[in-house]
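# Summary of structural features
One letter stands for each residue in the lines below.
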Amino acid sequence: MNEHLSGIRIHFAETMSGYASLGGSSFSDGFEEGRAAGLPLSLHVNVDVDDLKTFLDTAEHAAQLTGYVEGPLVGGRAEVESGRFMLMPNTADRDRKVMNYRVYCRNEDGERFTLAGEKEVQHHFGFDLWHDTTTLYTNLFVGHVTPEQAPQSDLLATGILSLGVVDFAKVLRTVRATDAAGNNSLAGLAAFGEFFAGSLWQIYGPSLPPRPYEAPRLYPRYTTEGVQGASISEHAFTTGDGLGLSLTRFQRASCDDVVLIIHGLTTSSDMFIMPEHENLVQHLLDQGYGDVFTLDHRGSNRFPYNLVRGSANLDDLALYDHPAAIATLRQLVGPHKRIHVIAHCVGALTFGMSLFAGQVGGVSSVILNSIALTARVPAFSKLKLGLGPFACDWLLGVEYVNPRWRHQPAWSAGKLLAMGVDWFHHECDSSECHMLSFMWGAGKPALFMHENMAKETHDRLGDLFGGISVNYYRHVLKMVNANHDAVKFEPGNPRYAALPDNYFSQASKVTTPMLLVQGQENRVFADSNILCHQRLEQIVPGRHQLHVFPGYGHQDIFMGKNVATDIFPRLLAFLRTHSHA
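Here goes a summary of the coordinates provided. (Residues numbered from 1 in each chain as written. Predicted model: local features only at pLDDT ≥ 70, side-chain atom pairs only at ≥ 80, totals over all residues. Heavy atoms only, no water.)

### Here's the deal with the environment of His 407
Which entries qualify depends on this criterion: Put simply, DSSP H or I for four residues or longer makes a helix, DSSP E for two residues or longer makes a strand, and each gets a number counted from the N terminus. Only protein chains enter the area calculation, which uses a 1.4 Å probe; residues under 20% of their type maximum are buried, those over 50% are exposed, and those in between are partly exposed. By the convention used here, residues are in contact when the closest approach between their heavy atoms is within 4.5 Å. Two N or O atoms form a polar contact when they lie within 3.5 Å of each other; inside protein one atom must be a possible hydrogen donor and the other a possible acceptor, and for residues adjacent in sequence the pair counts only when both atoms belong to side chains.
With respect to the helices, strands and loops of the structure, His 407 is situated in the loop between α9 (379-396) and α10 (413-422). A relative accessible area of 22% means that His 407 is categorised as partly exposed. Distance in space between the C-alpha atoms of His 407 and Ser 431 is 8.3 Å, their sequence separation being 24 residues. When sequence neighbours within four positions are dropped, the list of residues in contact with His 407 reads Pro 212, Tyr 213, Glu 214, Ser 431 and Glu 432. A distance of 3.4 Å separates a polar atom in the side chain of His 407 from a polar atom in the side chain of Glu 432.

Take a look at the structure:
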């Protein structure tokens, strides 16, 4: 197939311009801050396909890049030493392709840089084809950084480059197809155009949602087989408002540095002990942290607390769950061990609230993923936060939202809702995945990048996530509307008198060092931790750290198949700084 295209070369030139700002940031923030700071950035490249047949027949659809990067961030002009362009290869999503640019360049002073950019081609709403095919989300690294090295590398700058109408017209004027003799090839030009247009039709043309698939259960629910070489024990405790919670202890050896790991809302401690790849608990044990605990708080799907319509809010976790967990942990390990906390999502938010409210103490270091003391969400998420609780309580009459609704027998309001959600999500065949995108964030998918997830993990999302009472969403919305600050839900309620109205009020007094981390593609809490770190830097400069992981989203920071190499080393480096393991 395509034998007649062998030896045909394709060439075109492209210039994209925009702005970027220093440091790890979200793409949109990087663009706006770069524009305000006067930091333009542009990419001038020639794209060359050496053999059209090979280009069309291989999955990467790769071409070579030459040219230069220009802007003050690279010291003026940096010539491309080598570069690669991939034009809409298939991704892990059924309805998403990308245009991937990666150039390794060097400026006149010999300084090396890597520009890594990606255009995301995925239909969301309206006529977004033009935006998708002309918008390059861009990261700039110091040195020559491979894709495998990127998550562990610090970002020099982040921003957005774009192709204007005039620039696009220039691209069209430079497109050439030539045969081995250097003659123009209309057949080559037509084949290249057909490939490009056909790829776009696959994404933006009409299509039906895939038939939902329910995978057979590969691992038992609540299995601990993902942790080897440790004794495992359960330690139940009771909160001050009368709920039974539990700590699970994974102990291999006596250790002066004890790690407590806390899950998010609707998940459980299962997300840290997954058997399909090296998990966080196993990694810590293998790296010398011989005493690791996981907490199942009231938001855990191991408990039935969220399967009724309730009034619990995030202050309850800050006031009751985390203090009781730390007190129980301290009783188990003794008064002199150093305690380190790693927390995710709502677990991170509420532990940060508890720490900054003075409800927990004696903690040596804290790592918080995705959200800490600020709540910023995508615009569509804010709309859902406002309408969702009302719709569930008063229109649908459901007591909780369940990612497994589509697979429930018989008919129900929840099952009809899940079927409706499936119509808007064509990226995979998992109704559970679609519902989780509906429940959290804005994206297709919202919780993670599909390419980061093992198939086994994706197949058991219905076991790893559970139902949730929607009242928690009301508290998140209140924070979003309070200039994104973590604030108390009911300031006048004497039940919460021990908590501050604004959790930032005591920030200067909290000496526990924190590492705030997040995926750059976070579609749940957006750039909440970036914003939080900026605000903390204004209050206590240099006390807390931030790391943004390119190519990662929200949940895949802990549940992704490659986290042991991409994510955990950065967390471990912070832990070692504050311990003697």
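What follows picks up the thread again.
### What to know about the packing of helix α7 (residues 314-333) against helix α14 (residues 471-481)
To keep things clear, this is the line we draw: Helix axes use the C-alpha atoms of the stretch in contact, all axes being lines fitted to C-alpha atoms, and the angles between their N-to-C directions lie in the range 0 to 180 degrees. In these notes the angle categories are as follows: under 35 degrees is roughly parallel, over 145 is roughly antiparallel, 65 to 115 is roughly perpendicular, and the rest is oblique. Throughout this entry, Asp, Glu, Lys and Arg are counted as charged residues, while Ala, Val, Leu, Ile, Met, Phe, Trp, Tyr, Cys and Pro are counted as nonpolar. The remaining residues, Gly among them, count as polar.
Contact geometry of α7 with α14 gives a least axis separation of 8 Å together with a crossing angle of 100 degrees. By the criterion of interaxial angle, the relationship of α7 to α14 is roughly perpendicular. Mapping the contact onto sequence places Leu 314, Asp 315 and Leu 317 in α7 and Tyr 472, His 475, Val 476 and Met 479 in α14. In terms of residue class, the contact of α7 with α14 is built from five nonpolar, one polar and one charged.

### Details of the packing of aromatic side chains
For any pair of aromatic rings, geometry is given as the distance between the ring centres together with the angle between the planes. Basically, it comes down to this: Two aromatic rings, drawn from Phe, Tyr or Trp (for Trp, its six-membered ring), form a pair once their centres lie within 6.5 Å of each other, and the interplanar angle then sorts them: stacked below 30 degrees, edge-to-face above 60, tilted otherwise. In this scheme, Lys NZ or Arg CZ marks a charge over a ring once it lies within 6 Å of the ring centre and within 35 degrees of the ring normal.
Enumeration over the complete set of coordinates arrives at eleven aromatic pairs. With a centroid separation of 6.5 Å and an interplanar angle of 85 degrees, the aromatic rings of Phe 12 and Phe 85 are classed as edge-to-face. One end of the pair, Phe 12, is in strand β1 (residues 9-22); the other, Phe 85, is in strand β4 (residues 76-90), and 73 residues separate them in sequence. Taking relative accessible area as the criterion, Phe 12 reaches 8% and is therefore assigned buried. Each ring, one from Tyr 19 and one from Phe 31, has its centre 5.7 Å from the other, and the planes form 75 degrees; the classification is edge-to-face. Taken together, the residues Tyr 19 in strand β1 and Phe 31 in helix α1 (residues 27-37) connect sequence positions twelve residues apart. On the basis of relative accessibility, which here comes to 27%, the residue Tyr 19 falls in the partly exposed class. Directly above the ring of Tyr 68 sits Arg 77, whose terminal nitrogen or CZ lies 3.5 Å from the centroid.

### Things to note about the environment of Gly 420
One can find Gly 420 in helix α10. A C-alpha to C-alpha distance of 46 Å links Gly 420 and Thr 512, two positions 92 residues apart in sequence.

### Here's the deal with the pairing of strand β10 (residues 231-238)
Quick note on the threshold: Strands pair, by our definition, only if DSSP identifies at least two bridges between them.
Pairing analysis gives eight bridges linking β10 to strand β11 (residues 244-251), with the strands arranged antiparallel. Each residue of the ladder has a partner; that of Phe 237, found in β11, is Leu 245. The turn joining β10 and β11, which pair antiparallel and follow one another in sequence, is formed by five residues; a positive phi near 90 degrees is taken by Gly 242.

### Some points on the side chain of Asp 422
Tracing the backbone through its elements, the reader meets Asp 422 in helix α10. For Asp 422, the contacting residues outside a window of four places in its chain are Pro 209, Pro 212, Arg 406, Ser 431 and His 434.

### Some words on unusual backbone geometry
Going from Lys 444 to Pro 445, the amide bond is cis rather than trans, its omega being 0 degrees. Along the chain, the position of Pro 445 falls in the loop between α11 (431-439) and α12 (455-459). Positioned with a positive phi, Asn 483 is a non-glycine residue whose angle comes to about 55 degrees. By the secondary structure assignment, Asn 483 is in the loop between α14 and β16 (514-519).

### Topic: a nonpolar patch on the surface
What counts here: Think of a patch as exposed residues, more than 30% relative accessible area, with no salt bridge, where like charges cluster within 9 Å and nonpolar side chains (Val, Leu, Ile, Met, Phe, Trp, Tyr) cluster within 5 Å. Here the Shrake-Rupley method, with its probe set to 1.4 Å, supplies the accessible areas, and only the displayed protein chains count as covering residues. We count a salt bridge whenever a side-chain nitrogen from Lys or Arg sits within 4 Å of a carboxyl oxygen from Asp or Glu.
Nonpolar side chains collect at one region of the surface, where Phe 125, Leu 208, Phe 380, Leu 383, Leu 387, Trp 423 and Phe 424 lie side by side and expose about 850 Å² of accessible area between them. Tracing the backbone shows Phe 380 in helix α9. Exposure remark for Phe 380: the relative accessible area of 40% places this residue in the partly exposed category.

### Topic: the sheet that holds strand β15 (residues 363-369)
The strand order across the open sheet formed by eight strands is β10-β11-β13-β12-β14-β15-β16-β17, and the pairing between neighbours is mixed. The open sheet has two edge strands with one neighbour each: β10 and β17 (545-549). Neighbour to neighbour, the strand axes of the sheet diverge by 20 degrees on average, direction disregarded. Sheet strands in contact with helix α15 (residues 528-539) are β15, β16 and β17, and its direction is about 150 degrees off that of β16.

### Considerations on α1
In an α-helix, one turn spans 3.6 residues; hence positions three or four apart end up facing the same way. What α1 keeps buried is the set Phe 27, Asp 29, Gly 30, Phe 31 and Gly 34. Close packing links the buried residues of α1 with β1, β7 (135-142) and β8 (155-162).

Without other data, these values stay purely geometric and don't point to any function.
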